[in-house]
Amino acid sequence: TELSHIRNFSIVAHIDHGKSTLADRLIQSTGTVSDRDMKEQLLDAMDIERERGITIKANTVRIDYVANDGQAYVLNLIDTPGHVDFAYEVSRSMRAVEGSLLVVDASQGVEAQTLANVYTALDAGHEIVPVLNKIDLPAAEPEQVKAQIEDVIGLDASDAVLISAKSGLGIPDVLEAIVTRLPAPKGERNAPLKAMLVDSWYDSYLGVVVLFRVMDGVIRKGDNIKMMQTGAKYGIDKLAVLKPAMVDVPELGPGDIGVFTASIKQVRDTKVGDTITHEKKGCETPLPGFKPSVPVVFCGLFPVDSAEFDDLRSAVEKLALNDASFSYEMESSAALGFGFRCGFLGLLHLEVIRDRLEREYDIDLITTAPSVVYHVHMRDGSVTELHNPADMPDLTYVDHIEEPRIKATVLVPDDYLGDVLKLCQDRRGIQMELTYAGSRAMVVYDLPLNEVVFDFYDRLKSISKGYASFDYEITGYREDNLVKMQVLVNDEPVDALSMMVHRDRAEMRGRAMCEKLKELIPRHMFKIPIQAAIGGKVIARETLAALRKDVTAKCYGGDVTRKKKLLEKQKAGKKKMRQFGKVEIPQQAFISALKMD
Ligand code: GDP
Ligand code: MG
């Protein structure tokens, strides 16, 4: 296809504003997929994505469209991942296209993720077409939302396209806007091959599939190529475009977006953002800005039933096959037995993987406290990266500890602003900005990532009745007064509950933890001390009283069925318990104890 007849674009939106529904409509109304094959929300293939309404892996589709000018165009849509954890992948895929549709729910207005993604699109040099969705809703206020887009983002929204992705209203206008308002790609057909690796995934029939965008030159089936950052060399086996099913093509040139397979063994051999060129007569300089994505949040995953360790191992290996940003290594814990220390791009990523292990692979898991990566500066001048509080070196050898900080942006209606400020303040935040857009406030805070990893997002949602939206980026490392807090149950340290905390907050967190555990651990036949300690020093303590009577005693031996039920319930509960010395702790206690109220 000629460059002037190609349009490459992505859709930028906050979760639930209608990105997937719009993508489906564009595919359907152009006959790219027959109605018979059209599943609802075609682009959100995975169940979890569908359930949570988020897209995790970028999906792509090539749409053939005859415009009002009578000419045939190729429209390539790259569906970018919709969450902050995948910020780097978003920024990569944006560099593969020239424009974006900015979809804003006309009944909700601009949200934090809209902002983050639209700035990424602007950074990538995109032309942006604002699209106001859900105008079928009685609560839609398109004029106000237009004004908000202009105020908050600084984009001209006077030509915004008004649509209802659900009913199909305005879809033809979106297609015309893509052709007339977004720029055609540029590129040199006769130059050496230069293509960007946008994404890759594992297909059980084809092996690793690589999604790429050709910047210059031509790529053909059978070509010998190399990846400039990793240095790996491959021969192209299959070359195709996604409609969204694969359709083989002999070659792809500048502006084109397609996929290839090349006997690549694992997804981790392909780095998003890498430059693909020919092995011989390749281009000289790679595309700028390459950086591999690194895990920032770590936690331990242990099977509740230690007999399930092998199942967990094979599940973890399978998941890692298709997710290069998920890392794992074996870990053994005195209390929890064998498991894995796993690294994630962020909290959502952690939740998604944990959910998949539990649901798709049916493994009951104990998740230890999520921890960020600390930089521990030793007295001898060396620096170690601490992924697990249990590995914290002896303090006498430690000079100081640095922790990652984030820039967090929260958008929230006025009414809840006070509570949001308090939450950020309580989490050791430093206010950077506070501005208004209509009846919404935008606050920017500098926060330690470790105060955000466990339940910040849940708290934010609950204090704002769901109205606050949140986004963050990691800004760097900073020294602070951090210590490792241990929890001892019946005088035995439970390493799964160890955590790094700020010294000033240690007592408070220690007390809260002991109180929670006291409620969560069932009574035993003996008294159980529950303690929080720093080094050898106990900073908080609770005592769980001993159990006096048999649980079934109150049934007086009369009602046999009731007695049986109680015993059954106890047995079921036991399955989810772990033994710590002489004490049994329910699995749920690990999660609950770490949440703060
Ligand atoms: P995404 O998270 O941005 O991909 O959003 P989805 O496309 O999954 O849409 C989120 C929800 O909004 C779904 O329940 C859709 O059915 C609904 N929705 C999408 N577009 C419209 C629309 O134009 N009108 C109405 N009323 N609902 C819509
Ligand atoms: Mg979606």
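Because the structure is a prediction, the values reported are computed rather than measured.

Reading the values: rules and limits
Residues numbered from 1 in each chain as written. Chains lettered and ligands numbered in written order. Predicted model: local features only at pLDDT ≥ 70, side-chain atom pairs only at ≥ 80, totals over all residues. Heavy atoms only, no water. Pairing = 2+ DSSP bridges. Helix = DSSP H or I, 4+ residues; strand = E, 2+ residues; numbered from the N terminus. Axes fitted to C-alpha atoms, helices over the stretch in contact; angles between N-to-C directions. Near = heavy atom within 4 Å. Polar contact = N/O pair within 3.5 Å; in protein donor to acceptor, adjacent residues only side chain to side chain. Nonpolar A, V, L, I, M, F, W, Y, C, P; charged D, E, K, R; others polar. Expected span 1.5 Å × (residues − 1). Buried < 20%, exposed > 50% of the residue type's maximum accessible area, 1.4 Å probe, protein only. UniProt positions renumbered as here; feature names shortened; annotations may be inferred. Contact = heavy atoms within 4.5 Å. Phe/Tyr/Trp six-rings, centres within 6.5 Å; stacked < 30°, edge-to-face > 60°. Salt bridge = Lys/Arg side-chain N within 4 Å of Asp/Glu carboxyl O. Parallel < 35°, antiparallel > 145°, perpendicular 65-115°, else oblique. Left-handed = near helix turned anticlockwise from the far one by under 90°.

Any chance you could explain the sheet that holds strand β10 (residues 224–227) here in plain terms?
Backbone hydrogen bonds are what pair the strands of a sheet, in a parallel or an antiparallel way. Here we have eight strands laid out as an open sheet, ordered β11-β10-β16-β7-β8-β15-β12-β13, and antiparallel in their pairing. If you trace the sheet from one side to the other, it starts and ends with β11 (233–235) and β13 (246–248), each paired once. Sheet twist, expressed as the average angle between the axes of neighbouring strands with direction ignored, equals 40 degrees. Where strand β12 (residues 238–242) and strand β15 (residues 257–261) come together, three bridges link them in antiparallel fashion. Looking across to β15, one finds that Leu239 is bridged to Phe260.

Got a minute to help me understand the site of ligand 1 in this structure?
The environment of ligand 1 is made up of 17 residues, and the closest members are Asp16, Lys19, Ser20, Thr21 and Asp136. At 3.0 Å, a backbone N or O of Gly18 approaches an oxygen atom of ligand 1. Within the shell around ligand 1, the residues separate by chemical class into three nonpolar, nine polar and five charged.

Please clarify how helix α8 (residues 347–359) should be interpreted in this entry.
A turn of α-helix holds 3.6 residues, and therefore any two residues three or four places apart point the same way. Its 13 residues place the ends of α8 18 Å apart at the C-alpha level, agreeing with the 18 Å of an ideal helix rising 1.5 Å per residue. When we look at burial in α8, the residues that qualify are Leu348, His349, Leu350, Val352, Ile353, Asp355, Arg356 and Leu357.

Hey, could you run me through the UniProt feature "binding site: GTP" (unreviewed entry) in the protein in this one?
UniProt records the feature "binding site: GTP" (unreviewed entry) for Asp16, His17, Gly18, Lys19, Ser20, Thr21, Asn133, Lys134, Ile135 and Asp136 in the present numbering. Once residues lying within four places of it in the same chain are set aside, the contact partners of Asp16 are Asp105 and Lys134. In this fold, Thr21 is placed in helix α1 (residues 19–29). For Thr21, a relative accessible area of 22% corresponds to the partly exposed category.

How do you make sense of the packing of aromatic side chains when you look at a structure like this?
Two aromatic rings are characterised by how far apart their centres lie and by the angle between their planes. Following the criterion strictly, the structure yields eight aromatic pairs and no others. Seen from their ring centres, Phe212 and Phe260 are 5.4 Å apart, and the 40 degrees between their planes marks the pair as tilted. Linking Phe212 in strand β8 (residues 207–216) with Phe260 in strand β15, this pair joins segments that are 48 residues apart in sequence. Of the two residues, Phe212 and Phe260, neither departs from the other in class, the shared state being buried. Taken together, a centroid distance of 5.8 Å and an interplanar angle of 80 degrees make the contact between Tyr328 and Phe340 edge-to-face. Remark: Phe340 occurs in strand β19 (residues 337–344) and Tyr328 occurs in strand β18 (residues 327–333); sequence separation between them is twelve residues. Owing to a relative accessible area of 3%, Phe340 belongs among the buried residues under this scheme. Pairwise contacts between aromatic rings join Phe309, Phe326, Tyr328, Phe338, Phe340 and Phe344 into one cluster.

Would you take a moment to explain the pattern of salt bridges for this structure?
Two side chains with opposite charge may pair up if their charged atoms get near one another. Overall, the coordinates contain 20 salt bridges when judged by the stated rule. Of the charged contacts, one joins Glu403 and Arg428 as a salt bridge, the two residues approaching to 2.9 Å between their closest N and O atoms. On the criterion of sequence distance, the pair formed by Glu403 in strand β24 (residues 398–413) and Arg428 in the loop between α9 (417–426) and β25 (430–437) is long-range, its members being 25 residues apart. Each member of the pair Glu403 and Arg428 is classed as buried. Measuring nitrogen to oxygen at the nearest pair gives 3.0 Å for the salt bridge that ties Arg428 to Glu451.

Explanation requested: the pairing of strand β17 (residues 297–303) in the structure shown.
In the case of a regular strand, side chains alternate between the two sheet surfaces. Among the seven residues of β17, seven are classified as buried, and the element is accordingly described as predominantly covered. Of the two faces of β17, the one lined by Val297, Cys299, Leu301 and Pro303 and the one lined by Phe298, Gly300 and Phe302 are each fully buried. Relative to β19, β17 runs antiparallel, the two being bridged by five bridges. In the strand pairing of β19, Phe298 is matched with Gly343. The sheet contact formed by β17 and strand β20 (residues 365–367) spans three bridges and is antiparallel.

For this particular structure, what's the right way to read the pairing of β15?
When you tally the buried positions in β15, you get five out of five residues, the bulk of the element. Burial of β15 is two-sided: the residues Ile257, Val259 and Thr261 facing one way and the residues Gly258 and Phe260 facing the other way are all buried. Bridge count between β8 and β15: five bridges; the pairing is antiparallel. Bridged to Phe212 within β15 is Gly258.

Can you help me understand the environment of Ala140 in this one?
With respect to the helices, strands and loops of the structure, Ala140 is situated in the loop between β5 (127–133) and α5 (142–153). Spatially, the C-alpha atom of Ala140 lies 4.0 Å from that of Ser107, the residues being 33 residues apart in sequence. Non-local contacts of Ala140, meaning those with residues more than four positions away in its chain, are made with Ala106, Ser107, Lys134 and Ile135.

Can you help me understand the environment of Ile530 in this one?
Note on placement: Ile530 falls in strand β31 (residues 528–534). We classify Ile530 as buried; its relative accessible area is 0%. The spatial distance from the C-alpha of Ile530 to the C-alpha of Ala540 is 8.3 Å, given a sequence separation of ten residues. Setting aside its immediate chain neighbours within four residues, Ile530 contacts Leu488, Cys514, Leu517, Lys518, Ile521, Ala540, Arg541, Glu542 and Leu544.

Please explain the sheet that holds β5 as it appears in this structure.
The sheet built from six strands is open, its strands ordered β2-β3-β1-β4-β5-β6 with mixed pairing. Every interior strand has two partners, whereas the edge strands, β2 (59–66) and β6 (161–162), have only one. Pairing of β5 with β6, which is carried by two bridges, proceeds in the parallel orientation. When the sheet's bridge partners are listed, Leu132 is paired in β6 with Leu162.

What exactly am I supposed to notice about the packing of α9 against helix α10 (residues 456–463) here?
The relative placement of two packed helices is expressed as an angle between their axes plus a distance between the axes. For the pair α9 and α10, the least separation of the axes is 10 Å and the interaxial angle reads 160 degrees. On the basis of the axis angle, α9 is roughly antiparallel to α10. The interaxial crossing formed by α9 with α10 has right-handed handedness. Listed contacts from α10 to Asp419, Val420, Leu423 and Cys424 of α9 are Phe456, Arg459, Leu460 and Ile463. Its residues assigned to classes, the contact of α9 with α10 comprises six nonpolar, no polar and two charged.

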